[in-house]
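Tertiary structure, described
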Amino acid sequence: MKKRWSALTLAVWAPAAVVAVGLGEAKQPIEGDAAPFLRSELIFPVEHWHNHASSIVETPRGDLLVCWFHGSGERTADDVVIQGARLQQGRRQWTERFLMADTPGYPDTNATMLIDPQQRLWLFWPTILANRWESALMKYKRAPTAEGDGRPAWDTSEVLHVTPGDRFESVTDRVTDEWRATASPGARAYAEGTSPRFGRTRPTS
C-alpha cells in the first residue's frame, strides 16, 4: 500500500531558513497501530534573508511542494519574490530552491497553493504595488500537474480580477460574525488589534 504523509505543517523562521516539521508517514488510511513520527529539517541553510509566509501541498504521487516569499523585507522591499522547493516521495533531500513568481521592482508576498479535483496546481499571491498592503494586486499561476522534478510547468499566469459587491460584503460580515462567536479570546484579541503583542492598538500601516 502506498505510503502517504499523515500530517503536514510548515514554518518559516525569518531571517533564518525554512523548517519543515510534522512529517508523519503512515499508511492510508491511518490505522490504529500506525506510528507517525515528527521530523524537523532545513530546506536550505540558515541565511540573513527574510523568508516568510509558507504554503505546502502534497502531490498525488506523494511529493511535498512548498513555497514562501523571500527577500530583504516584506511589502516595503521591492526585491521580494516567491520561491519554492520540492521533496520527492521516498527521498530525504529537498531540491534546490527555485523561482515560483517574480514581478521585477515590486514585492511578491504571502503565496498559497492548492491542487484542484483535476489535479491542477494553483499558486495565488499578491503583488504589492505601492508598498502598502491595501495596494495588493492578486495574481495566480496554474500548472496542469503538480508533479515534476522541480519548478512547476506553469501554463497560465494572470491577474485575479475580483469585483466585490454587496453580496461580498454581506457574506464576509456573516462569516466574520460566525468566527467571532466561536473563536478563542486570544484569537479575537489578535484579530481585533487588542492583543498585548500589538500594544493598545494593532498597526495599520
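Structural notes on the overall build of the chain
- The helix and strand tally for the chain stands at two helices and 11 strands.
- Listed N to C, the secondary structure of the chain is β-β-β-β-β-β-β-β-β-β-β-α-α in terms of helices and strands.
- For the chain, the residues scored as buried account for 39% of the 205 residues in total.
- Long-range contacts, defined as pairs at least 24 residues apart, comprise 42% of the intrachain contacts of the chain with a sequence gap of at least 6.
- Summed over all atoms, the accessible surface of the chain reaches about 12000 Å², with 54% contributed by carbon and sulfur.

Structural notes on the nonpolar core
- Cys67, Ile82, Met100, Met113, Leu121 and Leu123 are the most contacted members of the largest nonpolar core, which has 18 residues in total.
- Sorting the residues of this core by element identifies strand E4 (50-58), strand E5 (64-71), strand E7 (98-101) and strand E9 (121-128) as the ones contributing at least two each.
- Setting aside residues up to four positions removed in sequence, cysteine 67 forms contacts with Ala53, Ser54, Ser55, Ile82, Gln83, Gly84, Met100, Ala111, Met113 and Leu123.
- With nine residues, the next largest nonpolar core counts Ile43, Val66, Trp68 and Trp94 among its residues.

Topic: the pattern of salt bridges
- Tallied over the entire structure, the rule returns nine salt bridges.
- Arginine 61 is the salt-bridge partner of aspartate 63, the closest N and O atoms lying 2.8 Å from each other.
- By relative accessible area, aspartate 63 is classed as buried at 1%.
- For aspartate 177, the salt bridge is made with arginine 180, and the minimal N-O distance between the two is 3.3 Å. On the criterion of helical spacing, the pair formed by aspartate 177 and arginine 180 is a turn pair, its members being three residues apart in helix H1 (residues 166-182).

Some words on the pairing of E4
- Among the nine residues that make up E4, seven are buried, leaving the element largely enclosed by the rest of the structure.
- One ladder, built from seven bridges, connects E4 with E5; its direction is antiparallel. Within the sheet, the bridge partner assigned to glutamate 58 lies in E5 and is leucine 64.
- Taking the residues that link successive antiparallel strands as the turn, the E4-E5 hairpin has five residues, and the phi of glycine 62 there is positive, at about 105 degrees.

Section: the packing of aromatic side chains
- Taken as a whole and judged by the stated rule, the model has four aromatic pairs.
- On the basis of an interplanar angle of 5 degrees and a centroid distance of 5.9 Å, the ring pair of tryptophan 122 and phenylalanine 124 is categorised as stacked.
- We classify phenylalanine 124 as buried; its relative accessible area is 18%.
- Each member of the aromatic cluster is reached from another via a ring pair, and the members are Trp122, Phe124 and Tyr140.
- The residue whose ring lies beneath arginine 97 is phenylalanine 44, and the NZ or CZ to ring-centre distance is 3.9 Å.

So, unusual backbone geometry
- In this model, alanine 53 sits at a positive phi of 60 degrees, which is unusual for a non-glycine residue.
- Within the element layout of this structure, alanine 53 appears in strand E4.
- Backbone geometry at asparagine 131 places phi at a positive 60 degrees, although glycine is not the residue there.
- Within the secondary structure, asparagine 131 sits in the loop between E9 and strand E10 (136-143).

So, how was this worked out
Residues numbered from 1 in each chain as written. Predicted model: local features only at pLDDT ≥ 70, side-chain atom pairs only at ≥ 80, totals over all residues. Heavy atoms only, no water. Helix = DSSP H or I, 4+ residues; strand = E, 2+ residues; numbered from the N terminus. Buried < 20%, exposed > 50% of the residue type's maximum accessible area, 1.4 Å probe, protein only. Contact = heavy atoms within 4.5 Å. Areas by Shrake-Rupley, 256 points an atom, 1.4 Å probe, with all protein chains shown as cover. Core = buried A, V, L, I, M, F, W, Y, C linked by side-chain atoms within 4.5 Å. Salt bridge = Lys/Arg side-chain N within 4 Å of Asp/Glu carboxyl O. Pairing = 2+ DSSP bridges. Phe/Tyr/Trp six-rings, centres within 6.5 Å; stacked < 30°, edge-to-face > 60°. Lys NZ or Arg CZ within 6 Å of the ring centre and 35° of its normal.

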